[in-house]
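The chain contents come next:
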Amino acid sequence: MDIIISENIRGKSIDALQEKYEVGFFQDLWKIPNELSRLVCDAKALIVRNQTKVDSNLLVNARSLRVIGRAGAGYDNIDIEAANEKGIVVCYAPNDNTISTAELSISLILSLLRKIPQADNSTKSGKWERSKFMGNELYSKTVGLLGFGKIGRAVAFRLRSFGVNLFAYDKFVQADDKLAKELGVNITTLEDTLSNSDIISIHLPLNKETYRMINYEKLMLMKKGAYLVNAARGEIIDEQDLIRVLKANILKGVALDVRGKEPPVISEIEKFENVILTPHIGALTEEAQEKVVSTVVKDVDLVLNNKPALNYVNFPFPQH
Ligand code: MLT
């Protein structure tokens, strides 16, 4: 097979790809590393989403692999160094999920403030518990964004219409950032953002520095009664520390679209009434998926035709 697809990645662009190449579509292949390794061994391209672990063990035997297409924005499931060593192009879709993920983050903020999932559950069970679902307005609250890249900016832009105050921390963004100034976002330190915000929303990539960055010490800097939203990567929060803080009633509500392990092992976190959980659906809209898949398929096709990839992480052409 020329191209292996190891997760549930569909769409018109995949259909078009199947007309040109021999494509092996195995939506559960990511769960069977040995079989994945066997199939990738002779393939020219591999297309994944976020569940396939593309590590050095997998790549070491990939004799013919020229390109890995990551149907999404984050590529933390791909060992880029191992791909570099083998000269394999890694391409991705850095822009196509931005709006969907920003909209989900805002939906989670509003769901927390108004307890919408909890009210829905209660009403569907035949109850009419109006006073139980007293909420909070978003208006005039301070929202702290951890990460002021593409998604953080899209969230800030949309939140402005709610009349909020905005703080943001991003190691790569300076206080005089043009868009931050235009949107009235106060770019400050991580500590300042945590301690001044009523709502914290995470928009950081996962890397060595951000792994479990939001630990007990950082969570304790948050205001008592603040809300926390994470639609970025689960490993950025230390979940055990979060449970400890939830038990101490420090936070008023938490919404997690992403988890340290996905799918997660059921833990104590599911038991908290003020925690909203969704299964990593930030990018899962019909609109985003169509764009993401088309972007990645285009690059895979380009590389297989000896042309440069447009959205590459490492290099546009295979190196060996
Ligand atoms: C992304 O990185 O693009 C999103 O988290 C969605 C995904 O991983 O598929």
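Caption draft 1: Fine view of the nonpolar core. Residues Leu 138, Val 143, Leu 145, Phe 148, Leu 159, Leu 166 and Val 185 are the most contacted members of the largest nonpolar core, which totals 29 residues. At seven residues, helix α5 (residues 98-114) tops the list of elements feeding residues into this core. Setting aside anything within four residues of it in sequence, one finds Leu 166 in contact with Val 143, Leu 145, Ala 156, Leu 159, Leu 183, Gly 184, Val 185 and Asn 186. Residues Leu 190, Ile 200, Met 222 and Val 254 belong to the second largest nonpolar core, which totals 28 residues.

Caption draft 2: Up close: helix α2 (residues 33-40). The complete set of buried residues in α2 reads Leu 36, Leu 39 and Val 40. Take α2 and look down its axis: the buried residues cluster within an arc of 95°, on one side only. Exposed residues on α2 whose side chains face more than 90 degrees from its buried face are Asn 34 and Arg 38. Packing partners of the buried residues in α2 comprise β1 (3-5), β3 (45-48) and α3 (56-60).

Caption draft 3: Geometry of the sheet that holds strand β2 (residues 23-25). With parallel pairing, five strands are arranged side by side in an open sheet as β2-β1-β3-β4-β5. Two strands lie at the open edges of the sheet, namely β2 and β5 (89-92), each paired on one side alone. Direction aside, the axes of adjacent strands within the sheet are offset by 15° on average. Sitting on the sheet, helix α1 (residues 12-20) touches β1, β2 and β3, and the angle it makes with β2 is about 135°. Contacting β1, β3, β4 (67-70) and β5, helix α12 (residues 286-304) crosses the sheet at an angle of about 175° to β4.

Caption draft 4: Summary view of the site of the ligand. The environment of the ligand is formed by Arg 49, Asn 50, Arg 70, Gly 72, Ala 73, Gly 74, Asn 97, Arg 233, His 280 and Ala 283. Between Arg 70 and the ligand, the recorded distance is 2.7 Å, taken from a side-chain N or O atom to an oxygen atom. A distance of 2.8 Å is found between an oxygen atom of the ligand and a backbone nitrogen or oxygen belonging to Gly 74. Burial of the ligand by the protein amounts to 90% of the accessible area it has alone, namely 260 Å². Within the shell around the ligand, the residues separate by chemical class into two nonpolar, five polar and three charged.

Caption draft 5: Representation of the environment of Val 89. Tracing the backbone through its elements, the reader meets Val 89 in strand β5. C-alpha of Val 89 to C-alpha of Phe 148: the two residues are 59 residues apart in sequence and 27 Å apart in space.

Caption draft 6: Looking closely at unusual backbone geometry. Across the junction of Glu 262 and Pro 263, the peptide omega takes the value -5°, indicating a cis bond. Following the sequence through the fold, Pro 263 ends up in the loop between β11 (251-256) and β12 (275-277). For Asn 249, which is not glycine, the phi dihedral falls at a positive 55°. Inspection of the secondary structure assignment puts Asn 249 in the loop between α11 (239-247) and β11. Asn 249 sits in the exposed class, given a relative accessible area of 53%.

The rules behind the values
- Residues numbered from 1 in each chain as written.
- Predicted model: local features only at pLDDT ≥ 70, side-chain atom pairs only at ≥ 80, totals over all residues.
- Heavy atoms only, no water.
- Core = buried A, V, L, I, M, F, W, Y, C linked by side-chain atoms within 4.5 Å.
- Buried < 20%, exposed > 50% of the residue type's maximum accessible area, 1.4 Å probe, protein only.
- Helix = DSSP H or I, 4+ residues; strand = E, 2+ residues; numbered from the N terminus.
- Contact = heavy atoms within 4.5 Å.
- Arc of directions from axis to C-beta.
- Pairing = 2+ DSSP bridges.
- Axes fitted to C-alpha atoms, helices over the stretch in contact; angles between N-to-C directions.
- Near = heavy atom within 4 Å.
- Polar contact = N/O pair within 3.5 Å; in protein donor to acceptor, adjacent residues only side chain to side chain.
- Areas by Shrake-Rupley, 256 points an atom, 1.4 Å probe, with all protein chains shown as cover.
- Nonpolar A, V, L, I, M, F, W, Y, C, P; charged D, E, K, R; others polar.

Nothing here speaks to function; it is geometry throughout.
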